[in-house]
Amino acid sequence: MDFGISTFVTDEGIRPDVLGEAAEERGFASLFLAEHSHIPASRETPYPSGGELPRIYYRTLDPFVALTAAAVNTSELVLGTGVVLLIQRDLIHTAKEVASLDLISRGRFAFGVGAGWNREEMANHGTDPKTRGALLNEQIAALKAIWTQEQAEFHGKHIDFDPIFAWPKPVQKPHPPILVGGASDAALKRLIEHGDGWIPNPAVSPDQVRDIRQRLADAGRGDLPSTLYGGPADADAIKQYAAAGLDHYGFMLPTLPEAETLALLDEYARLAAAHRAE
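A brief look at the structure comes next. This is a predicted model, so every value here is computed, not measured.

## Notes on the nonpolar core
And then number 1: Membership of the largest hydrophobic core comes to 68 residues, with the highest contact counts inside it found for Ile5, Phe28, Phe111, Tyr249 and Phe251.
And then number 2: It is helix α5 (residues 132-148) that provides the largest number of residues to this core, a total of 8 residues.
And then number 3: Excluding residues within four positions of it along the chain, Ile5 makes contact with Ala23, Phe28, Ser30, Leu31, Phe32, Gly250, Phe251, Leu253, Leu265 and Tyr268.
And then number 4: Residues Phe8, Phe32, Ala34 and Tyr57 belong to the second largest nonpolar core, which totals 13 residues.

Shown next, in the form of structure tokens:
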């Protein structure tokens, strides 16, 4: 099992260029960043983890900008989104951002996508929460067309455009891996039909990981890799997820100033090394 870093990069914590370089220096394989365009002041949708919504959700940097900064200071680190809220984004602009980052990073981008949970945030972007799953499915299919065809077109219920030219094309062929978030039946159907990998969060237990991996195998997609976003810095949790068949464990890194962040990265690196040594 490989190890990486999952975090929220904000204006109050370590810079993404410094973070990426530090993570690579300590042997981590990946850096995955969260996305929220904004947080509506109404706060009607409850925070899925319960309690008050943490401050970091209000202050996230754009993940493509932050990951580009990290790309410049690294050469091997996989740079990923955990997850992009694609249903809130312009599709064609996002296609260009993904391809541009994959080019700048020399083929190191992993595109984690999810349907999101904050209904007011979706509504501010003109997205109907009731149809977000169907929209996301069409968006993924349309992105693949843009990335792989010289003149791409797509005609669906939610996404519709006539032939277009769009460059650059991604470095990775046919396109960067699309990691699908979620563990609901709808999310798993999306993963099986459209995904190149699965990106659950710690709300998905090791037992659920084991069960879902079996369901993927039964559907003929047992080869899909799994990447945990936001795992605890806990040796027992690492062992349990590894035993469940998880491929990549992303430690949840709190958003802190540089010195404190580097100290935590050292601690996480020791945990990873201890697991490998067993």
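Still more ground to cover, so stick around.
## Points about helix α9 (residues 258-277)
And then number 1: The end-to-end C-alpha distance of α9 is 29 Å, a good match for the 28 Å that 20 residues give at a rise of 1.5 Å each.
And then number 2: Among the residues of α9, those classed as buried are Thr261, Leu264, Leu265, Tyr268, Ala269, Leu271, Ala272 and His275. Each buried residue of α9 sits inside an arc of 160° when the element is viewed along its axis, so together they form one side. With respect to the buried face of α9, the exposed residues turned more than 90 degrees away are Ala259, Arg270 and Ala277.
And then number 3: Buried residues belonging to α9 abut β1 (2-7), α1 (16-25), α8 (235-243) and β10 (248-253).

## So, the layout of surface pockets
And then number 1: Here the largest pocket is characterised by a volume of approximately 1000 Å³.
And then number 2: Of all the elements in the fold, those that place two or more residues in the lining of the largest pocket are α6 (185-194) and β9 (227-231).
And then number 3: It is α6 that provides the largest number of residues to the lining of the largest pocket, a total of 3 residues.
And then number 4: Partitioned by chemical class, the residues of the lining of the largest pocket number 21 nonpolar, 11 polar and 4 charged.
And then number 5: Taken as a whole, the second largest pocket spans an internal volume of roughly 240 Å³.
And then number 6: For the second largest pocket, the lining is made up of 16 residues, of which Phe32, Val78, Ala110, Leu179 and Thr227 are closest to its centre.

## With respect to the pattern of salt bridges
And then number 1: Tallied over the full model, the rule gives 14 salt bridges.
And then number 2: Put simply, Asp11 and Arg59 hold a salt bridge, and the shortest N to O gap is 2.7 Å. Here Asp11, found in the loop between β1 and α1, pairs with Arg59, found in the loop between β2 (30-33) and α2 (63-72); they are 48 residues apart in sequence, far enough to count as distant.
And then number 3: For Glu25, the salt bridge identified is with Arg26, shortest N-O distance 4.0 Å.
And then number 4: Its relative accessible area of 25% is what places Arg26 among the partly exposed residues.
And then number 5: Through salt bridges with shared partners, a single ionic network connects Asp11, Glu12, Arg55 and Arg59.

What counts, and at which threshold
Residues numbered from 1 in each chain as written. Predicted model: local features only at pLDDT ≥ 70, side-chain atom pairs only at ≥ 80, totals over all residues. Heavy atoms only, no water. Core = buried A, V, L, I, M, F, W, Y, C linked by side-chain atoms within 4.5 Å. Buried < 20%, exposed > 50% of the residue type's maximum accessible area, 1.4 Å probe, protein only. Helix = DSSP H or I, 4+ residues; strand = E, 2+ residues; numbered from the N terminus. Contact = heavy atoms within 4.5 Å. Expected span 1.5 Å × (residues − 1). Arc of directions from axis to C-beta. 1 Å grid on protein atoms, 1.4 Å probe; cavity = no way out; pocket = protein on both sides within 12 Å on 5 of 7 lines; lining within 4 Å. Points joined across faces, edges and corners; volume = space filled by probe spheres on them. Nonpolar A, V, L, I, M, F, W, Y, C, P; charged D, E, K, R; others polar. Salt bridge = Lys/Arg side-chain N within 4 Å of Asp/Glu carboxyl O.

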